[in-house]
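Observations on the three-dimensional arrangement
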Amino acid sequence: MANSSKVQAGRKPAKLDPNWRIQWGLHPQFPLFPHQSGRWAKKVRGQLNYFGSITADPKGTKALNLWNDQKDDLIAGRLPRAKSDELTLAELCNRFLAGKRADVDAEKLTPRSFVEYRRTTDLLIAHFGKTRVVLDLRPEDFESLYVKLAGRHSVVSLGREITHARSVFRYAVESNLVERVIKFGPKFRAPSKADKRKARAKQQHTYGKRLFAADELQKMIAAASPQLRAMLLLGCNAALGNTDCALLPMSAIDLKTGWLDYPRPKTGVQRRVPLWPETVEALKEVL
């Protein structure tokens, strides 16, 4: 909806006369009214909705068209959907994040993943502009975004960023917000497995295999604080990562039998692991 603007002097009376529509040269059944903010307005389901500046649209022609486009959604209590040829990137990102927020509330998505998606929408808006019409985006636009991302990320993180960005536009298509598939072009796609293998081989050739030897791990475990020692052992013993350790509930550990029963938080895949005696002792020390 259009931004508010001041009404011309004398254009809106302090209190509307019952015949104000006729006085303003409008149809007697004109459904909108001039709000004091200088915008055409309509109250629906107890909520004021605005339809553009009176100064820019004194006869309410554009406002009436916008009302006719949105009234079915407003009366039904739905968020009005922009026309596919007018859907801006900001509107798409807001709807996409609203859907992801609902997934977080339903525990289908972790808060950390939501933050990553929000970072992606911020990136898209910063690069393309919030008022850019979604259907106006072309393959060359996405190629310029690819060049920007490729200069900033490794092969693995580049693939993640591209996948997240494409998911925003896939949401637009699957939600029927646009009438055609967004074409990304041949360049804007996640690196292939071959690309990842080549990048990994190049990195190993430059820096060597970035792995800790057994004696190095033992030194770290011996020098660590009790909590960090337990985390290191859970990582070595059960392949738990930082997030796994942070979200690990007490109910997932049976210290008497020495078993960890903890599904992966993101995918829900079951994970049952026998714990080493030193892992059990480290967890007992933390508790």
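Residues numbered from 1 in each chain as written. Predicted model: local features only at pLDDT ≥ 70, side-chain atom pairs only at ≥ 80, totals over all residues. Heavy atoms only, no water.

Let us now look at a positive patch on the surface. On the surface, a cluster of positive charge is made up of Lys 193, Lys 196, Arg 197, Lys 198 and Arg 200. Residue placement: Lys 196 occurs in helix α7 (residues 193-207). Here Lys 196 falls in the partly exposed class, since its relative accessible area comes to 34%. (Patch = residues over 30% accessible without salt bridge, like charges linked within 9 Å, V, L, I, M, F, W, Y side chains within 5 Å. Areas by Shrake-Rupley, 256 points an atom, 1.4 Å probe, with all protein chains shown as cover. Salt bridge = Lys/Arg side-chain N within 4 Å of Asp/Glu carboxyl O. Lys, Arg positive; Asp, Glu negative; His and termini not counted. Charge placed at Lys NZ, Arg CZ, Asp CG, Glu CD. Helix = DSSP H or I, 4+ residues; strand = E, 2+ residues; numbered from the N terminus. Buried < 20%, exposed > 50% of the residue type's maximum accessible area, 1.4 Å probe, protein only.)

For helix α3 (residues 89-105), which comprises 17 residues, the first-to-last C-alpha distance of 24 Å matches the rise-based estimate of 24 Å (1.5 Å per residue) to within 8%. The complete set of buried residues in α3 reads Leu 89, Ala 90, Leu 92, Cys 93, Arg 95, Phe 96, Leu 97, Lys 100 and Val 104. The inward-facing, buried residues of α3 contact α4 (111-128) and α6 (155-174). Just downstream of α3, Glu 107 is the residue with a positive phi angle, here 65°. (Expected span 1.5 Å × (residues − 1). Contact = heavy atoms within 4.5 Å.)

On to helix α9 (residues 226-238), then. The terminal C-alpha atoms of α9 lie 18 Å apart, and with 13 residues this matches the ideal 18 Å at 1.5 Å per residue to within 8%. Within α9, the full set of buried residues consists of Arg 229, Ala 230, Leu 233, Leu 234, Asn 237 and Ala 238. For α9, the angular spread of buried residues about the axis comes to 135°, placing them on one side. Elements in contact with the buried residues of α9: α8 (214-223), α10 (242-247), β5 (259-261), β6 (272-274) and α11 (277-286). Positive phi shows up at Ala 239, right after α9, with a value of about 60°. (Arc of directions from axis to C-beta.)

Reading across the sheet, the 3 strands line up as β1-β2-β3 and stay open at both edges, with antiparallel pairing between neighbours. If you trace the sheet from one side to the other, it starts and ends with β1 (33-34) and β3 (47-53), each paired once. Docked against the sheet, helix α2 (residues 61-75) engages β2 (39-44) and β3, running at close to 155° with respect to β3. (Pairing = 2+ DSSP bridges. Axes fitted to C-alpha atoms, helices over the stretch in contact; angles between N-to-C directions.)

Where charged atoms from two side chains of opposite charge come close, those side chains can pair. By the definition in use, this model includes 7 salt bridges. Among the salt bridges present, the one from Arg 229 reaches Glu 285, with a minimum N-O distance of 3.4 Å. Taken as a pair, Arg 229 in helix α9 and Glu 285 in helix α11 lie far apart in primary sequence, 56 residues in all. Overall, the relative accessible area of 49% leaves Glu 285 in the partly exposed class.

Once that is clear, we can look at unusual backbone geometry. Positive phi, normally seen in glycine, also occurs at Arg 45, with a value near 55°. Relative to the assigned elements, Arg 45 resides in the loop between β2 and β3. Since its relative accessible area comes to 63%, Arg 45 is described here as exposed. In this structure, Glu 107 takes a positive phi of about 65° despite not being glycine. You can see Glu 107 is positioned in the loop between α3 and α4.

Moving on, we get to the packing of helix α5 (residues 139-150) against α6. Following both chains from N to C, one finds α5 and α6 inclined at 150°, their axes separated by 10 Å at the closest point. Taken together, the axes of α5 and α6 are roughly antiparallel relative to one another. Our pair here, α5 against α6, has a crossing hand that is right-handed. Listed contacts from α6 to Phe 142, Tyr 146, Leu 149 and Ala 150 of α5 are Leu 158, Glu 161, Ile 162 and Phe 169. Residue classes in the contact of α5 with α6 are distributed as 7 nonpolar, no polar and 1 charged. (Parallel < 35°, antiparallel > 145°, perpendicular 65-115°, else oblique. Left-handed = near helix turned anticlockwise from the far one by under 90°. Nonpolar A, V, L, I, M, F, W, Y, C, P; charged D, E, K, R; others polar.)

Attention shifts here to the side chain of His 35. Within the secondary structure layout, His 35 lies in the loop between β1 and β2. Separated by 2.9 Å, the side chains of His 35 and Ser 37 make a polar contact. (Polar contact = N/O pair within 3.5 Å; in protein donor to acceptor, adjacent residues only side chain to side chain.)

On to the layout of surface pockets. Each pocket or cavity is described by its volume, and for the second largest pocket that value is around 290 Å³. Forming the boundary of the second largest pocket are 13 residues, of which Lys 108, Leu 109, Thr 110, Ser 113 and Lys 266 lie nearest the centre. Of all the secondary structure elements, the ones that give two or more residues to the lining of the second largest pocket are α4 and α6. Split by residue class, the lining of the second largest pocket holds 5 nonpolar, 3 polar and 5 charged. (1 Å grid on protein atoms, 1.4 Å probe; cavity = no way out; pocket = protein on both sides within 12 Å on 5 of 7 lines; lining within 4 Å. Points joined across faces, edges and corners; volume = space filled by probe spheres on them.)

Moving on: the pairing of β3. Of all 7 residues that make up β3, 5 are buried, and the element is covered over most of its length. The turn joining β2 and β3, which pair antiparallel and follow one another in sequence, is formed by 2 residues; a positive phi near 55° is taken by Arg 45.

What follows concerns the sheet that holds β5. Taking strand neighbours across the sheet as the criterion, the 3 strands line up as β4-β5-β6 in an open arrangement whose pairing is antiparallel. For this open sheet the edge positions go to β4 (253-254) and β6, each flanked by a neighbour on one side alone. Pairing geometry for β5 and β6, over 3 bridges, is antiparallel. Looking across to β6, one finds that Trp 259 is bridged to Pro 274.

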